[in-house]
Protein chains: 2
Amino acid sequence: MTDRQQTGYHMSPEDFRRHGHALVDWIAAYWQRVESLPVRSRAAPGEVAAALPGSAPERGEPFAAMLEDVERVILPGLTHWQSPNFFAYFPANTSAPSVLGELLAAGLGVQGMLWATSPACTELETRVLDWLAELLGLPAAFRSDGGGGGVIQDSASGAALCALLAARERASDGAANERGCDRRLTAYASTETHSSIEKAVKIAGLGREQLRIIPVDDHFAMDAGALARQMAADVAAGFTPAFVCATVGTTSSTAVDPVAAIAAVARRFGAWLHVDAAMAGSAMICPEFRALQAGVEQADSYCFDPHKWLFTNFDCSCLFVRERGALIRALSVLPEYLRNRASESGAVIDYRDWHVPLGRRFRALKLWFVLRHYGAEGLRHHLREHVRLARWFADQVAVHPDFELAAPVPFNLVCFRHRGGDAGSEALLERLNGSGRLYLTHTRLDGRFTLRLCVGQTHTEASHVEAAWAAIRAAAEGTAAPAG
Amino acid sequence: MTDRQQTGYHMSPEDFRRHGHALVDWIAAYWQRVESLPVRSRAAPGEVAAALPGSAPERGEPFAAMLEDVERVILPGLTHWQSPNFFAYFPANTSAPSVLGELLAAGLGVQGMLWATSPACTELETRVLDWLAELLGLPAAFRSDGGGGGVIQDSASGAALCALLAARERASDGAANERGCDRRLTAYASTETHSSIEKAVKIAGLGREQLRIIPVDDHFAMDAGALARQMAADVAAGFTPAFVCATVGTTSSTAVDPVAAIAAVARRFGAWLHVDAAMAGSAMICPEFRALQAGVEQADSYCFDPHKWLFTNFDCSCLFVRERGALIRALSVLPEYLRNRASESGAVIDYRDWHVPLGRRFRALKLWFVLRHYGAEGLRHHLREHVRLARWFADQVAVHPDFELAAPVPFNLVCFRHRGGDAGSEALLERLNGSGRLYLTHTRLDGRFTLRLCVGQTHTEASHVEAAWAAIRAAAEGTAAPAG
């Protein structure tokens, strides 16, 4: 006790090594057994909390006790996103090199709010995002040597908010920041656009009433003609179109908005065009998908999430902008305690001015490790495999008499229904997820309950998709009212 | 090659174990040698970027190559926040148990946007934040069983934005979200309030002109009388006071606003009171500091950052609210693809409605590990040590003929000046930081250039503070014009 007070309560380097090795081994073993665990947690509300003490411990505890509780209390309360049988939502896939990068970032513990607070934290990020812009075939303007540049954000929601703020300031000549947002700025999204756009419109003070919801076509893609008519009507009514979000790969069905047509409309009315490719952007490392985002060269900003489908653990969302000055003007505030010579020289990037938070950790490391471990070749291989497996699944659905496809399959998501109708599909979903053998989620398309199967977890292979299809058919035989 | 294509490009479990162990050892060794590295990076702008390839590799590379580049390219570009000689800004301290928690979160790779997407991710967070509310002596209303609750945010900036949005909606009866922010909502901060409040006011569409900057007293604390007069004048002019930020431990000098007096004013005018204790909140685990935030029981929200001074690696900012419904109403948007039975039962928390991002990683794990490893006793010990060392340093400054204290020292930050004046203090700062032996930053107080020395890095001990004081005196002897 006396000794402990003298040396403090810190974990010794020897203990850190020992526990660190044990934890690395535990994680490796977790990944090897995760397939055997029920994918969706079976915990009831309050069950995990009830297994935890009501107060923090007064005295320190050994690390072994924590790892035991991870096994006993935490694991049963997890839905296993890293199970190869996880087909729900969009994935949040990860990989060994990414986890090592996150570990290194935590160990170094640098905070990169300014270039000066760790130049490598900023410069590696800029460079790796330039790499990605090139890998995705984005326009040269989105690179740091082209007047724009990329930044890692916490999420596509945060990225969309920042893009909207830049748009708001551009449309108001900076008046929104200074005098407050006025209610004549309008924003545009489709019925299928991600909810983060509505959230951003509310946060930024435009108001939901100024968010115009544009209809979609039969493939759930925004109707660019309707967009043009809405913008014209708004201008006639005294509004200023400020922002439009085109989506490449919507959340419900990975529908693809016609970016080029939307860009032409946005340009005509002077609105900022943000392209949300949060999920599908990763596919653009494969040139064969790029036609789906033709027109991106006209966008003002572009977002995709390596933490969804590029083997990089959450959080890592990449926002690219055409004109970085527009983003920085919207988000910069400079107090004395952050002034420094490097920033004032103008020769460096201070990423604190590129997003909402001030502080930031060294997230570029994990992206760098992933890109270097896999190489572009390895990443393309695995993304193409996921798409191939999704298409195989879609083919099975398409020819099966009891199922139907609910939307096209441009990437790795299959939307489908049981012909038994909404109730049948919903019961089927619950039966499947309750089995623990796989995990799917749902959406509504054309007002109808629709199952979604997304192939994107790092280790999902043909055997998992085949097993999923077998499980779905078997469950349907027990579930469905006969068709017709 | 053929073999590699068959098995994919993933790192094998064996390689992950091997590289993981090596990286853990590398981090342990880094922490042991970090004291010997120049604290502030000597990299020139562009130097790190120039050492990196212009494009991503086409073929994968071995992990050893990455670790070599970390050593060769990244390390010289780091400012070492984990050096015990880092006295700059506020710390972003970390600890071995925190790094292990971050590693585990990355390895599990769960995404806790909804309770249903991993119940343990939500319930552990709720429980650990309840523990913290108790440890800090916060009012019972801020606990999850008291109508409020806590949530981990990315930063105090994000937390302040969310508090402001809740305030905006409360003041406008929800009209700001629906119809847009109107320009009659006012917010209040002092000349010493963190810049994140101005940033939040701009983001939320209130406009900088509606942010009232209240003067401070001789100790840099907000003048509550001036606040009351300003609010009264605003109401008379047709404005609605919506939000006031009181700070416990300002960024420049850890000044302490009179929370109780401000709370009384806020209550009288119906404004939301947010308490920003980003840095100093950690000290409240020691009861002897709590008198400094008397009145907190009247606050609507409270924020502190374990990633600053509670041995938890960035990012981990804790926001507590008195009435969680106010926060949720401000931030909730519910699309079909996120609907689920647990959420609709109302029995669970969905943290996506408590902040800007939708996705979230399992940050509660690292906080849990830190609290359990140190115990409340260990945390108090180390925080008291930091404060003791800062006071020792302040005592030396106070009695030295060439230096003077620039502000009171309620916590672990010492603001001081060389009597040689602004130019002397600035030259002294540059000489010290250029030496690589320690790192300080500056602010301005009363318009004068002021050095800041903050004792908060995990492993800073008496020897480091003594060496800092010796280095400062030695540098001053070479720098200063004689006083008088």
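It should be emphasised that the depicted structure is a prediction, and the values quoted were computed from it without experimental measurement.

## Observations concerning the confidence of the model for chain A
Close reading of the predicted structure is inappropriate where its pLDDT is low.
Right, on to step 1. Put simply, chain A has an average pLDDT of 95, and 97% of its residues get 70 or more.
Right, on to step 2. Confidence over residues 1–6 of chain A falls short of pLDDT 50; this stretch has 5 contacts with residues more than four positions distant or in other chains.

## A look at the domain arrangement of chain A
Residues and elements named next belong to chain A.
Right, on to step 1. Domain boundaries assigned for chain A yield domain 1 (110–361) and domain 2 (369–479).
Right, on to step 2. Relative placement of domain 1 and domain 2: their C-alpha centres are 30 Å apart.
Right, on to step 3. Of the residues lining the interface, 29 residues belong to domain 1; the matching set on domain 2 comes to 30 residues.
Right, on to step 4. Between domain 1 and domain 2 the total buried area reaches about 2,300 Å² when both faces are included, carbon and sulfur atoms providing 75% of it.
Right, on to step 5. Summed over the shared surface of domain 1 and domain 2, the number is 1 salt bridge.
Right, on to step 6. Its salt-bridge partner being Arg 384, residue Glu 288 comes within 2.6 Å of it at the nearest N-O pair.
Right, on to step 7. Where domain 1 packs against domain 2, one counts 6 residue pairs in polar contact (both at pLDDT 80 or more).
Right, on to step 8. Considering each element in turn, the side of domain 1 that touches domain 2 owes the most residues, 4 residues, to helix H6 (residues 119–135).
Right, on to step 9. Looking at the side of domain 1 that touches domain 2, its residues break down into 19 nonpolar, 8 polar and 2 charged.

## A few points about the pattern of salt bridges
Right, on to step 1. All chains considered together, the criterion is met by 66 salt bridges over all chains.
Right, on to step 2. A salt bridge links A:Arg212 to A:Asp234; the nearest nitrogen and oxygen atoms lie 3.1 Å apart. Of the two residues, A:Arg212 is situated in strand S3 (residues 211–214) and A:Asp234 in helix H10 (residues 224–236); the sequence distance between them amounts to 22 residues.
Right, on to step 3. A relative accessible area of 13% places A:Arg212 in the buried class.
Right, on to step 4. Here the salt bridges share partners, and the residues they tie into one network are A:Glu102, A:Asp315, A:Arg361, A:Arg363, A:Lys366, B:Glu102, B:Asp315, B:Arg361, B:Arg363 and B:Lys366.

## Comments concerning the relation of the copies chain A and chain B
Right, on to step 1. For the pair chain A and chain B, the superposition axis carries a translation of 0.0 Å, the fit reaches an RMSD of 0.0 Å, and the rotation angle comes to 180°. Those values place the two copies in the arrangement expected of a two-fold rotation axis.

## Looking at the side chain of B:Ser95
All names here are of chain B.
Right, on to step 1. Looking at where Ser 95 falls in the secondary structure, it is placed in the loop between helix H4 (63–74) and helix H5 (96–108).
Right, on to step 2. A relative accessible area of 4% means that Ser 95 is categorised as buried.
Right, on to step 3. Apart from residues lying up to four places away in sequence, Ser 95 is in contact with Trp 31, Phe 311, Val 370 and Tyr 374.

## Digging into the UniProt feature "modified residue: N6-(pyridoxal phosphate)lysine" (unreviewed entry) in chain A
Residue and element names in this part refer to chain A.
Right, on to step 1. Mapped onto this structure's residue numbering, the UniProt feature "modified residue: N6-(pyridoxal phosphate)lysine" (unreviewed entry) falls at Lys 308.
Right, on to step 2. Along the chain, the position of Lys 308 falls in helix H12 (residues 306–309).
Right, on to step 3. A relative accessible area of 16% places Lys 308 in the buried class.
Right, on to step 4. The contacts of Lys 308, once residues within four sequence positions are left out, are Phe 90, Pro 91, Ala 92, Asn 93, Ala 278 and Met 279.
Right, on to step 5. Within the local environment of Lys 308, its side chain forms a polar contact with the side chain of Asp 305, the two groups lying 2.5 Å apart.

Quick notes on the rules
- Residues numbered from 1 in each chain as written.
- Chains lettered and ligands numbered in written order.
- Predicted model: local features only at pLDDT ≥ 70, side-chain atom pairs only at ≥ 80, totals over all residues.
- Heavy atoms only, no water.
- pLDDT = per-residue confidence, 0-100.
- Contact = heavy atoms within 4.5 Å.
- Domains from an automatic or database assignment.
- Buried area = accessible area lost by both parts, 1.4 Å probe.
- Salt bridge = Lys/Arg side-chain N within 4 Å of Asp/Glu carboxyl O.
- Polar contact = N/O pair within 3.5 Å; in protein donor to acceptor, adjacent residues only side chain to side chain.
- Helix = DSSP H or I, 4+ residues; strand = E, 2+ residues; numbered from the N terminus.
- Nonpolar A, V, L, I, M, F, W, Y, C, P; charged D, E, K, R; others polar.
- Buried < 20%, exposed > 50% of the residue type's maximum accessible area, 1.4 Å probe, protein only.
- Least-squares fit on C-alpha atoms with pLDDT ≥ 70 in both.
- UniProt positions renumbered as here; feature names shortened; annotations may be inferred.

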